[in-house]
Amino acid sequence: MIVAERKPIAEILANLRQASSVAVVGCDTCVAVCMAGGTKEVAVLSAALRLAARQEGREQLITEACVERQCEVEFNEPLAELVAEHDVILSMACGVGVQTLAEQYPSAVVYPALNTKFMGRPEELGTWSERCLGCGNCVLDKFGGVCPITRCSKNLLNGPCGGSQDGICEVDPSIPCAWQLVYDRLVAIGQLERLWQVEPPKDWTTSRDGGPRKVVREDIVP
Amino acid sequence: MSDARDTSPLVLIGCQRSAGAALARLADEGRALPSHVRWQSVPCGGTIDELMILEAFESGAERVMVVSCAAGACNSVVGDERARRRTAATRELLEAIGIEGWRLRYETMAPNMGADLLRWVDAFVAPVEESVGEA
């Protein structure tokens, strides 16, 4: 899922002080799971914005809304009236949702309330960690299901580096060495011989180096 | 020490097993919270969150006191710790929007500490240095 976190309230407020009405629009998918932009977080931020306006002596209408998937226009269609009635749309979706709203409603002022961080998973309550960079050419089959592109601090495809000590990355003691994880997994599934294969330099044209990416399924497009 | 009592609206959010039980004991003795204090009972301190506290301020409270069970006494094991952390996070948020942090206070208590609770409510006023500055 996409993991995000709320921007500092001061940064959010800086964009809103001139607006007489703000619609806070959340997304009840990924950012709800990471407790950053779902219905509950919309209520919290809206309450904070109302209090801030009261504190600063400003008259400002704050309206709360949430859609199931802000990254798909169909889910945002019911927002048309709300968008038309407010000066600013404060999106609590990931960057994809913010841009979808902005594209869908060209005359609307849409601001982000979150910083989109990465694609990852929840490790425990309140902790999410990165698992995928979206490089466009998955190599998880070669490394026992552990992605060295994402989880090795140096993105090494032929690791480990000399900084791995007792299974810990030299960059940060809270980061497990991805190559220790790769090794352990390959031992566990009986595929350690895969490490004899020297990986060539990665072709990054499938990642961001090739510009904005698009997937088109000719068998599906109308 | 200031002898000025603050009778502006105060919301007291607390666990029914500690603060709630304490208030029940006080009632048996014919004592109660002052009229400017609104009691909001929750089943456990672990259910107290940012939204509950912000809504208390939105409803007109000038001060909010969060009370959970003492460390190690929570019936749900970690409710007091969650209440403490969430209160601290909410205090940061309040300060970021210009509401003084002292207006949100966190305490822990046992059911036999009703007298302490009344004293805390009575003493829940602006810090002395700020009062002097405003004078």
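Note that the coordinates shown come from a computational prediction; the quantities given were computed from them, not determined experimentally. (Residues numbered from 1 in each chain as written. Chains lettered and ligands numbered in written order. Predicted model: local features only at pLDDT ≥ 70, side-chain atom pairs only at ≥ 80, totals over all residues. Heavy atoms only, no water.)

**Notes on the overall build of chain B**
Scanning chain B from N- to C-terminus turns up five helices and four strands. For chain B, whose C-alpha radius of gyration is 15 Å, the value lies close to the compact-globule estimate of 14 Å for 135 residues. A principal-axis box enclosing the C-alpha atoms of chain B has dimensions of 45 × 35 × 25 Å. Residue burial in chain B is summarised as follows: out of 135 residues, 44% are buried. (Helix = DSSP H or I, 4+ residues; strand = E, 2+ residues; numbered from the N terminus. Rg over C-alpha atoms; globule rule 2.2 N^0.38 Å. Buried < 20%, exposed > 50% of the residue type's maximum accessible area, 1.4 Å probe, protein only.)

**Notes on the domain arrangement of chain A**
Here chain A is described as being made up of domain 1 (2-118) and domain 2 (133-210). Placing the centre of domain 1 of chain A and that of domain 2 of chain A at their C-alpha centroids yields a distance of 37 Å. (Domains from an automatic or database assignment.)

**Re empty space enclosed by the protein**
Leftover empty space is mapped by rolling, across the atoms, a probe with the size of a water molecule. All names here are of chain A. Applying the stated rule across the entire model yields two cavities of 30 Å³ or more. Volume-wise, the largest cavity comes out at about 100 Å³. Around the largest cavity sit 15 residues that line it, and Cys152, Ser153, Cys161, Cys169 and Cys177 are the ones nearest its centre. Class assignment of the residues belonging to the lining of the largest cavity gives a composition of nine nonpolar, three polar and three charged. (1 Å grid on protein atoms, 1.4 Å probe; cavity = no way out; pocket = protein on both sides within 12 Å on 5 of 7 lines; lining within 4 Å. Points joined across faces, edges and corners; volume = space filled by probe spheres on them. Nonpolar A, V, L, I, M, F, W, Y, C, P; charged D, E, K, R; others polar.)

**Points about the sheet that holds strand S2 (residues 37-42) of chain B**
Residue and element names in this part refer to chain B. If you trace the four strands from one edge of the open sheet to the other, you get S2-S1-S3-S4, paired in parallel fashion. Pairing within the sheet leaves two strands with one partner each, and these edge strands are S2 and strand S4 (104-109). On average, each strand axis in the sheet is inclined to that of its neighbour by 20 degrees, with strand direction left out of account. Here strand S3 (residues 63-69) runs beside S4; their pairing, made up of six bridges, is parallel. Paired with valine 66 across the two strands is tyrosine 106, which belongs to S4. Of the strands in this sheet, strand S1 (10-15), S2, S3 and S4 are in contact with helix H2 (residues 50-58), which crosses S3 at around 145 degrees. Helix H3 (residues 79-96) contacts S3 and S4 of the sheet and is inclined by roughly 170 degrees relative to S4. (Pairing = 2+ DSSP bridges. Axes fitted to C-alpha atoms, helices over the stretch in contact; angles between N-to-C directions. Contact = heavy atoms within 4.5 Å.)

**Observations concerning the pattern of salt bridges**
A complete count under the given rule lists 21 salt bridges over all chains for this structure. The partner of glutamate 58 of chain B in a salt bridge is arginine 50 of chain A, and the shortest N-O contact between them spans 2.5 Å. Note that glutamate 58 of chain B is positioned in helix H2 and arginine 50 of chain A in helix H3 (residues 39-55), a pairing that runs across two chains. By relative accessible area, which is 25% here, glutamate 58 of chain B ends up partly exposed. (Salt bridge = Lys/Arg side-chain N within 4 Å of Asp/Glu carboxyl O.)

**Observations regarding the interface of chain B and chain A**
Residue-level contacts link 13 residues of chain B with 14 residues of chain A. Taking both sides of the interface into account, the surface hidden between chain B and chain A amounts to around 1,200 Å²; carbon and sulfur atoms contribute 65%. Of all residues in chain B, Leu51, Glu58 and Ile97 of chain B bury the most surface against chain A, accounting for 46% of the area lost on that side. In this structure, the connection of chain B to chain A is made through three salt bridges. Among the elements of the structure, H2 and H3 of chain B are those that each provide at least two residues to the side of chain B that touches chain A. (Buried area = accessible area lost by both parts, 1.4 Å probe.)

**Quick notes on the sheet that holds strand S3 (residues 61-67) of chain A**
Residue and element names in this part refer to chain A. Reading across from one edge, S3-S2-S4-S5 is the order of the four strands in this open sheet, with parallel pairing throughout. Edge positions in the open sheet fall to S3 and strand S5 (109-112), since each of these has one partner strand only. On average, each strand axis in the sheet is inclined to that of its neighbour by 25 degrees, with strand direction left out of account. Running over the sheet, helix H1 (residues 9-16) touches strand S2 (21-27), strand S4 (88-91) and S5 and is turned about 160 degrees from S4. In this fold H3 packs onto S2, S3 and S4, with an angle of close to 170 degrees to the strand it touches most, S3.

**Looking at the side chain of histidine 36 of chain B**
Following the sequence through the fold, histidine 36 of chain B ends up in the loop between helix H1 (16-28) and S2. A distance of 3.4 Å separates a polar atom in the side chain of histidine 36 of chain B from the backbone oxygen of aspartate 6 of chain B. (Polar contact = N/O pair within 3.5 Å; in protein donor to acceptor, adjacent residues only side chain to side chain.)

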